Amino acid sequence: LAKTTQPISMDSYEGQEVNITCSHNNIATNDYITWYQQFPSQGPRFIIQGYKTKVTNEVASLFIPADRKSSTLSLPRVSLSDTAVYYCLVGDPKNTGFQKLVFGTGTRLLVSP
Amino acid sequence: NAGVTQTPKFRILKIGQSMTLQCTQDMNHNYMYWYRQDPGMGLKLIYYSVGAGITDKGEVPNGYNVSRSTTEDFPLRLELAAPSQTSVYFCASISLGQGILSNQPQHFGDGTRLSIL
């Protein structure tokens, strides 16, 4: 199982760009990298997923270097509503589901005015 | 389209009581999961199911049971509630295509807060 390591917490201010890095040194060839966001009293919510290089959607960007041993979630111009816990997960979704994924403690992002 | 629905949202149990946490999804997803989340911690997988009639243990299955008689429903059973089972329980589902590398994300319910006193 690919283990991930993230910072426990990060602080930012409104309007700033936030980059959260996740380390996954033993990522396997077929593994994808997925990021989830969780607000208090809610279930995790999918943010973005990628395999290599860069992926961008309306919410965030995901940067994955060539060796894939780490990834960086980039949140542009954060607002107070981006205060949440962010989880990085690594796993192979091909015909096996995500049952082997391990949710770590995540990164608690606090955005201040 | 309701997604993943969990009931009840809150429950208080006495030690030794039993209860069933309900989970229903209307997306025709084949994979379903139960997680628990303790305060300040990440999610831990309890049980999962890859389809009707098929279930398997996750990281922390002790004290729980599941069944999957239909595609839509995946109830979680606590037979003898213990204080260590006080937690927030999340149900999730995902659909995977046979032979297709699918990256569909998991859909989570809003959780059931369970306190055992």
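Just above sits the structure.
Residues numbered from 1 in each chain as written. Chains lettered and ligands numbered in written order. Predicted model: local features only at pLDDT ≥ 70, side-chain atom pairs only at ≥ 80, totals over all residues. Heavy atoms only, no water.

1. Quick look at the sheet that holds strand E5 (residues 53-56) of chain A
All names here are of chain A.
Move 1: The 4 strands are arranged E2-E7-E6-E5 in an open sheet whose pairing can be described as antiparallel. Since the sheet does not close on itself, it has two edges, and those belong to strand E2 (18-23) and E5, each with one partner. Here the strands of the sheet are splayed against their neighbours by 15° on average, with no regard to which way each runs.
Move 2: The sheet contact formed by strand E6 (residues 61-64) and strand E7 (residues 70-75) spans 3 bridges and is antiparallel. Following the sheet pairing, Ser 61 is matched in E7 by Ser 74. (Pairing = 2+ DSSP bridges. Helix = DSSP H or I, 4+ residues; strand = E, 2+ residues; numbered from the N terminus. Axes fitted to C-alpha atoms, helices over the stretch in contact; angles between N-to-C directions.)

2. Details of the packing of aromatic side chains
Move 1: Across all of its chains, the model carries 7 aromatic pairs over all chains by this definition.
Move 2: Aromatic pair Tyr32(A) and Tyr51(A): ring centres 5.3 Å apart, planes at 55°, arrangement tilted. Here Tyr51(A) lies in the loop between strand E4 (45-50) and E5 and Tyr32(A) lies in strand E3 (residues 32-38), a separation of 19 residues in the sequence.
Move 3: Residue classification places Tyr51(A) among the partly exposed positions, given a relative accessible area of 28%.
Move 4: Here the aromatic rings of Tyr33(B) and Tyr35(B) are separated by 6.2 Å at their centres, their planes lie at 20°, and the arrangement is stacked. The pair formed by Tyr33(B) and Tyr35(B) is uniform in burial state, with each residue classed as buried.
Move 5: A cation over a ring is seen here: Arg68(A) above Tyr51(A), with NZ or CZ 4.0 Å from the ring centre.
Move 6: Directly above the ring of Phe74(B) sits Arg68(B), whose terminal nitrogen or CZ lies 5.9 Å from the centroid. (Phe/Tyr/Trp six-rings, centres within 6.5 Å; stacked < 30°, edge-to-face > 60°. Buried < 20%, exposed > 50% of the residue type's maximum accessible area, 1.4 Å probe, protein only. Lys NZ or Arg CZ within 6 Å of the ring centre and 35° of its normal.)

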